[in-house]
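Spelled out, the chains give:
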Amino acid sequence: MLNMLEVNHLRVWDANEGKEIIRDSSFRLKPQTCLAIVGESGSGKSLTCRSIIRLHKPWIRQSGEILFKGENLNQLSVKEMRRRRGKQIGMIMQNGMGAFDPSSVVGVHFQETLKGHFGWSKSQVETAMKKAMESVMLNHPIETMNKYPYQLSGGMLQRLMIALTLVLSPDIVIADEPTTALDTISQYEVVEQFIQLRERMGGSMIFVSHDLGVVKKIADEVLVMRNGVIVESGSVEEVLSAPRHPYTQYLVSTRLELSSHFNEIMRGE
Amino acid sequence: MLKVENVHKSYRVGGLFSRKKQQILHDVSFECGSGECLGIIGESGSGKSTLGRLILGIEQADQGAVLFEGNDVRNRHVRSGNMSAVFQDYTSSINPFYTVKEAIMEPLTAQGQVRSDQDARVDRLLHQVGLDASYQTKYAHELSGGEAQRVCIARAISTEPKCIVLDEAISSLDVSVQIQVLRLLKELKNIYQMSYVFITHDIQAAAYICDRVLIFRSGKVEETIDVKQLKHVQSDYAKQLMEHLITF
């Protein structure tokens, strides 16, 4: 079976300081699976995502092979790369507020994106977005489209991003800590929407998170990163129930400690 | 020890001359005993941070009063040295021009307690929060999130306060670091016999450290319950909160 995405010997370094941030990382994403990348902050999770879509800060350089359906993304021109982003490789960032243009209503963002990729007219965009927004439980789609990002909550913005991703239906969705900035209730709702997004699209997904609880709920496979190196990988059940590397064991045990106390209270008398 | 009585608070919305007001807190009353850890749980926008600022006396209530040992917290002599705070945003909580030592000494200097054994004192505080003496000369930007939050905690305990308000103090840290900070807070509570007001949206973290929790929703106290009784919550909202949890 052909891999959706194959990353071979990816190296990322800071050209200003000459410091290596990701050392020789290789992994593959099978079709219709969800791969989670976990690790503490500074482990290079987000940078791995940014390398795939090549959206680095100017002083961050990368080398290696990133094969998307057999095509090396690292050798594409800037213009061709731009056509891949969004339509074929979708991206959902941590901060919903920063993903939208603050000076215009969110509807404008949808119009521009969909016109750019599909050449749709205004009314076409509106009908498609209306349907998608209803499916992610946003009940007043037209009203919401006429609001500025600051008028919407973080959970709503994140669901708007998911709705847009649904319309674009890319082959791969890269979600970089999409639930971290949200409170517990919106987090639950957004995670539910992600699970449904996977079902509806049937595509692959890369899900970055530091919360193993969320990862367990959504992902099939998991990569554990530490200081720019992949220390362990495998299926979610295997890695989370019987972690082999000491670092993974540490991550799992701390998460367990937080939950077990709560679970005890809920179970106990 | 800490008593919040029928507090109301509203903010002006719209332009500078607008008269429109948005009510943030409606008639909030509760008490926090000495040595108790009280959790305040609410969604974003529920007014829990506003409540935190009122307790700290940074802002004033429209109606009602916040009393600390019977005295109004708006008087800064009541607060001075007795109340501290740790906030969510650790990057902006420490003056970027200060070294860790200066940051930790800040509340003591403000109280005029400059002594000759400063270095030893800062060392001891750093040691208590799990950092070594080499951190004294570092600046805030050289610290990781967990380290910066530890420095903030060291600063908060430097005056040996009776009460600390922790406003989402662990929410922007990694889960593995969260648990370390929670353990640290528990230990410190035993050493100093302080009370905590622990404001958070994370019920699991609150269950880990708190004795009692207030469930807070759109500016009102929905329910107050002992942590041990958490599974017997009464209100629909609290039940919904419990169901919508992602555990591990």
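Look up a bit, the structure's there.
Residues numbered from 1 in each chain as written. Chains lettered and ligands numbered in written order. Predicted model: local features only at pLDDT ≥ 70, side-chain atom pairs only at ≥ 80, totals over all residues.

K.L.:
Mind showing me how you'd approach the sheet that holds strand β9 (residues 221-226) of chain A here?
P.N.:
One key point about sheets: their strands pair by backbone hydrogen bonds, in either a parallel or an antiparallel sense. Residues and elements named next belong to chain A. Pairing is mixed across the open sheet formed by six strands, whose spatial order is β6-β7-β8-β3-β9-β10. Of all the strands in the sheet, the pair left with one neighbour each is β6 (89-92) and β10 (229-235). Recorded for the sheet is a direction-independent mean angle of 15 degrees between the axes of neighbouring strands. Two elements, β6 and strand β7 (residues 172-176), share four bridges in a ladder whose sense is parallel. Bridge pairing in β7 places Met91 opposite Ile174. Along the sheet, helix α7 (residues 154-168) contacts β6 and β7; its crossing angle with β6, the most-contacted strand, is approximately 175 degrees. (Pairing = 2+ DSSP bridges. Helix = DSSP H or I, 4+ residues; strand = E, 2+ residues; numbered from the N terminus. Axes fitted to C-alpha atoms, helices over the stretch in contact; angles between N-to-C directions. Contact = placed C-beta atoms within 7 Å.)

K.L.:
I tried to follow the pairing of strand β2 (residues 19-29) of chain A on my own but got confused; where do I start?
P.N.:
Residue and element names in this part refer to chain A. Relative to β2, strand β1 (residues 5-14) is paired through seven bridges, and the arrangement is antiparallel. Residue pairing for β2: Leu5 is matched across the bridge by Leu29. Counted along the chain from β1 to the antiparallel partner β2, the turn is four residues long, and its residue Gly18 has a positive phi close to 70 degrees.

K.L.:
Would you take a moment to explain the interface of chain B and chain A for this structure?
P.N.:
Reports of interface size often rely on the accessible area that becomes lost once the parts have come together. Across the contact, 26 residues belong to chain B and 30 residues belong to chain A. Breaking the side of chain B that touches chain A down by element, the ones donating at least two residues are α7 (175-192) and α8 (203-209) of chain B. Per-element tally for the side of chain B that touches chain A: the top contributor is α8 of chain B, with five residues.

K.L.:
How should the sheet that holds strand β7 (residues 163-167) of chain B be read in this particular structure?
P.N.:
All names here are of chain B. Read across the open sheet, the six strands follow the order β6-β7-β8-β3-β9-β10; overall the sheet is mixed. Each edge of the sheet is formed by a strand with only one pairing partner; in this case those strands are β6 (83-86) and β10 (220-226). Looking at each pair of strands side by side, their axes are set apart by 15 degrees on average, direction ignored. Across four bridges, strand β3 (residues 37-41) lies against strand β9 (residues 212-217) in parallel orientation. Note that in β9 the partner of Gly39 across the bridge is Val213. Of the strands in this sheet, β3, β7, β8 (195-200) and β9 are in contact with helix α1 (residues 48-55), which crosses β8 at around 155 degrees.

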